[in-house]
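Single-letter residue listing:
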Amino acid sequence: MKKAIQSSLDFDREHIWHPYTSMTRPLKTYPVASACGVYLNLADGRKLIDGMSSWWAAIHGYNHPLLNAAAKDQIDKMAHVMFGGITHEPAIALSRKLIDITPAPLDRIFLCDSGSVSVEVAIKMAFQYWHSKNHPEKNTLMTVKSGYHGDTFFAMSVCDPVTGMHHMFNDILPKHHFCEAPACRFDDLWDDRHIAAMKTLIQKHHTSCAAVILEPVVQGAGGMRFYSPVYLKKLRQLCDEYNLLLILDEIATGFGRTGELFGCNHANISPDIMCVGKALTGGYLTLAATLTTEKISTAISSGESGALMHGPTYMGNPLACSIALANLNLLFSCDWQANIKRIESKLIAGLEPCRTFKQVKDVRVLGAIGVVEMKDPVDMERIQQQFVDQGIWIRPFGRLIYTMPPYIIEDAELDTLTRKMTQIISKTGS
Ligand SMILES: *Cc1c(COP(=O)(O)O)cnc(C)c1O
């Protein structure tokens, strides 16, 4: 048995790329044999409490009976059919639900296969909109630093210029306009100076710009930063005043993670275009969606091409749509907001002690997201091993050690998770 695991691991190291890894100096990977509830079961028999929800996705934990049932039920009808010239109930029912739960003017939806693609579609919608309005010169974007919008080229062009590797792809990436990330923390008293940099950027470039794109309230993979919802409110006003569309990337923030259903709900605003993904299928299959308004969809449809020029092969995949609908129904079947509050208080209580360590720069919690920011980058491979040895699954990057556990995590498991994080952090870099 041990030998079989090792030979698989050797093959993996030699032949298979993992996210953001080298093929000549691959980092250690841990074989998982199964997963259930809040636990990842390693092939060597150990059980880890999952603190990552498989990158924001597995909100109801793994192997959930209701989601399994939705998958099995759908797979016996059809796993997939093309969406060109064909429609089906799973796509219709899911779209109804998404339109119902997102802010009111968003009532046109494009189903696609991953977060990055939904960002590509959002950007294409914005460009096609202005093209149809006889403003083809509005063909760049504005955003803030420290953002993350995906790994495809256009999405990458609006990621943070440093961590998004703009330098390496300098000659290839389209050029957009960046300002400093919002400096105001989530709870900070508002001061108009917090949005001065964005206002200046907008005043300077609005005539050549189609849209402002950003992650609402929480900047995820670009730095795990939380900022004031008032920033979004003010940005919405500026976009209206200067004829810019507002694209909100809710791929990480969507479906309750921050304590509101969507990040934009903190500010009571609605974007012109919204991207959702990640938790949409509860971590079962890859699916995302781009929502927009009737105004924008009508303009696009009356433009030169007469259509939105996009259509992935697996568009509206019935299996993914069925699971996504079951996933959303599951979310709304309980008081999810009270549950996120419960997780939030536990994360605050559990992680706040880290603030006293001299190697820690900041501790912040919003909804079911807990972040410990270190002063120096951590040795990821080493600290990951320590987490695994202690029975928890946490995957830090750079200076950030963070957790966004499945919503089903119980109090005792949360205590264990944060206690072990705190223990390991206390011994790191000191
Ligand atoms: C993960 C993420 C994406 C990219 O989604 P993929 O499904 O990985 O392509 C885009 N935007 C944000 C905010 C994300 O967190």
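Calculation rules
Residues numbered from 1 in each chain as written. Predicted model: local features only at pLDDT ≥ 70, side-chain atom pairs only at ≥ 80, totals over all residues. Heavy atoms only, no water. Disulfide = S-S within 2.5 Å. Buried < 20%, exposed > 50% of the residue type's maximum accessible area, 1.4 Å probe, protein only. Domains from an automatic or database assignment. Contact = heavy atoms within 4.5 Å. Buried area = accessible area lost by both parts, 1.4 Å probe. Salt bridge = Lys/Arg side-chain N within 4 Å of Asp/Glu carboxyl O. Near = heavy atom within 4 Å. Polar contact = N/O pair within 3.5 Å; in protein donor to acceptor, adjacent residues only side chain to side chain. Areas by Shrake-Rupley, 256 points an atom, 1.4 Å probe, with all protein chains shown as cover. Nonpolar A, V, L, I, M, F, W, Y, C, P; charged D, E, K, R; others polar. Axes fitted to C-alpha atoms, helices over the stretch in contact; angles between N-to-C directions. Helix = DSSP H or I, 4+ residues; strand = E, 2+ residues; numbered from the N terminus. Parallel < 35°, antiparallel > 145°, perpendicular 65-115°, else oblique. Left-handed = near helix turned anticlockwise from the far one by under 90°. 1 Å grid on protein atoms, 1.4 Å probe; cavity = no way out; pocket = protein on both sides within 12 Å on 5 of 7 lines; lining within 4 Å. Points joined across faces, edges and corners; volume = space filled by probe spheres on them. Phe/Tyr/Trp six-rings, centres within 6.5 Å; stacked < 30°, edge-to-face > 60°. Lys NZ or Arg CZ within 6 Å of the ring centre and 35° of its normal. Expected span 1.5 Å × (residues − 1). Pairing = 2+ DSSP bridges. Core = buried A, V, L, I, M, F, W, Y, C linked by side-chain atoms within 4.5 Å.

Enquirer: For this particular structure, what's the right way to read the state of the cysteines?
Expert: Think of a disulfide as a covalent bridge from one cysteine sulfur atom to another cysteine sulfur atom. Under the defined criterion, the tally for this structure stands at 0 disulfides. No disulfide involves Cys 36; its sulfur sits 18 Å from that of Cys 334, the nearest cysteine. On the basis of relative accessibility, which here comes to 41%, the residue Cys 36 falls in the partly exposed class. Residue Cys 264 stays outside any disulfide, its sulfur separated by 12 Å from that of Cys 275, the closest cysteine.

Enquirer: Before we go on, may I ask you to explain the domain arrangement of the chain in this structure?
Expert: Size of an interface, as often reported, equals the accessible area lost when the parts are brought together. Taken domain by domain, the chain holds domain 1 (31–63 + 335–427) and domain 2 (69–331). A C-alpha centroid distance of 27 Å is found between domain 1 and domain 2. In this assembly, 27 residues from domain 1 lie in contact with 27 residues from domain 2. Considering only the side of domain 1, the residues that lose the most area to domain 2 are Trp 56, Trp 336 and Leu 366, jointly responsible for 33% of the buried surface there. In this assembly, domain 1 and domain 2 are joined by 1 salt bridge.

Enquirer: Is there a simple way to explain the site of the ligand in this structure?
Expert: In the region of the ligand, the neighbouring residues are Ser 114, Gly 115, Ser 116, Tyr 148, His 149, Gly 150, Glu 215, Asp 249, Ile 251, Ala 252 and Lys 278. At 2.6 Å, a side-chain N or O of Asp 249 approaches a nitrogen atom of the ligand. The fraction of the free accessible surface of the ligand (390 Å²) that becomes covered by protein chains is 83%. Tallied by class, the residues present in the shell around the ligand amount to 3 nonpolar, 5 polar and 3 charged.

Enquirer: I'm lost on the packing of helix H4 (residues 89–101) against helix H10 (residues 318–332) in this one. Help?
Expert: It is the contact of H4 with H10, at a shortest axis distance of 8 Å, that shows an interaxial angle of 40°. By the angle between their directions, the pair H4 and H10 is classed as oblique. Judged by the sense of rotation from one axis to the other, the crossing of H4 with H10 is left-handed. Note on element contacts: H10 touches H4 through Pro 318, Cys 321, Ser 322, Ala 324, Leu 325, Leu 328, Asn 329 and Phe 332, opposite Pro 90, Ala 91, Ala 93, Leu 94, Lys 97, Leu 98 and Ile 101. Its residues assigned to classes, the contact of H4 with H10 shows 12 nonpolar, 2 polar and 1 charged.

Enquirer: Teacher, can you tell me more about the environment of Met 23 here?
Expert: Inspection of the secondary structure puts Met 23 in the loop between helix H1 (2–15) and strand E1 (32–36). A relative accessible area of 26% means that Met 23 is categorised as partly exposed. C-alpha separation for the pair Met 23 and Asp 107, spaced 84 residues apart in sequence, amounts to 44 Å. Excluding residues that lie within four positions of it along the chain, Met 23 makes contacts with Arg 13, Glu 14, His 15, Ile 16 and Trp 17.

Enquirer: I'm lost on empty space enclosed by the protein in this one. Help?
Expert: One way to see where empty space is left: roll a probe the size of a water molecule over the atoms. For the structure shown, the criterion picks out 1 cavity of 30 Å³ or more. For the largest cavity, the calculated volume is near 40 Å³. As for the largest cavity, its lining consists of Leu 27, Lys 28, Tyr 30, Met 380, Glu 381, Gln 384 and Arg 395. Looking at the lining of the largest cavity residue by residue, the class counts come to 3 nonpolar, 1 polar and 3 charged.

Enquirer: I keep staring at the packing of aromatic side chains and nothing clicks. Help me out?
Expert: A ring pair, where both rings are aromatic, is described by two values, the distance of the centres and the angle of the planes. Summed over the entire model, instances satisfying the criterion amount to 7 aromatic pairs. Geometrically, the ring pair formed by Tyr 129 and Trp 130 is edge-to-face, given 4.8 Å between the ring centres and 75° between the ring planes. In this pair, the class of Tyr 129 matches that of Trp 130, namely buried. Positioned above the aromatic ring of Tyr 39 is the side chain of Lys 47, whose terminal nitrogen or guanidinium carbon lies 4.4 Å from the ring centre.

Enquirer: Even after reading the chapter, I still don't get helix H8 (residues 229–241), so can you show me in this structure?
Expert: Think of an α-helix as turning once every 3.6 residues; residues three or four places apart then point the same way. In this model H8 runs 19 Å from its N-terminal to its C-terminal C-alpha over 13 residues, within 8% of the 18 Å that 1.5 Å per residue would give. N-cap assignment for H8: the residue whose side-chain oxygen lies 3.0 Å from the backbone N of Val 230 is Ser 228. One or two steps after H8, the chain reaches Asn 243, where phi turns positive at roughly 60°.

Enquirer: Help me understand the pairing of strand E2 (residues 39–42), please; the structure alone is not making it clear to me.
Expert: On a regular strand, each side chain points to the face opposite its neighbour's, so the side chains alternate between the two faces of the sheet. Bridge analysis of E1 against E2 gives 4 bridges, and the strand direction is antiparallel. By the bridge assignment for E2, Ser 34 is matched with Asn 41. Inspection of the sheet shows E2 paired to strand E3 (residues 47–50) by 3 bridges, in the antiparallel sense. The residue bridging Tyr 39 from the neighbouring strand is Ile 49, located in E3. Between E2 and E3, which pair antiparallel in sequence order, lie 4 residues; one of them, Gly 45, sits at a positive phi of approximately 100°.

Enquirer: Just checking my understanding: could you explain the nonpolar core for this structure?
Expert: Inside soluble globular proteins, nonpolar side chains tend to come together where they are buried. Counting 97 residues, the largest nonpolar core has Val 212, Tyr 231, Leu 235 and Phe 255 as its most contacted members. Both domain 1 (31–63 + 335–427) and domain 2 (69–331) contribute no fewer than three residues apiece to this core.

Enquirer: Explain the sheet that holds E2 here, please?
Expert: Backbone-to-backbone hydrogen bonds pair the strands of a sheet. The strands run either parallel or antiparallel. Pairing within the open sheet is mixed, and its 4 strands lie in the order E1-E2-E3-E15. Lying at the two open borders of the sheet, with one neighbouring strand each, are E1 and strand E15 (392–393).

Enquirer: Is there a simple way to think about the pattern of salt bridges in this case?
Expert: Where charged atoms from two side chains of opposite charge approach closely, those side chains can pair. The tally for this structure, following the rule as stated, stands at 19 salt bridges. Measuring nitrogen to oxygen at the nearest pair gives 3.4 Å for the salt bridge that ties Asp 362 to Arg 355. Among the ionic contacts, a cluster of salt bridges with common partners joins Arg 185, Glu 352, Arg 355, Lys 361, Asp 362, Arg 364, Glu 373 and Arg 399.

Enquirer: What is the right way to look at the sheet that holds strand E11 (residues 273–276) in this model?
Expert: The strand order across the open sheet formed by 7 strands is E4-E12-E11-E10-E7-E5-E6, and the pairing between neighbours is mixed. The outermost strands of the open sheet, each flanked by one partner alone, are strand E4 (106–112) and strand E6 (177–179). Going from strand to strand, the sheet's axes swing by 20° on average, the running direction of each strand aside.

Enquirer: Please explain the layout of surface pockets as it appears in this structure.
Expert: When its volume is computed, the second largest pocket comes out at roughly 540 Å³. Lining the second largest pocket are 26 residues, with His 18, Pro 19, Trp 55, Trp 393 and Arg 395 positioned closest to its centre.

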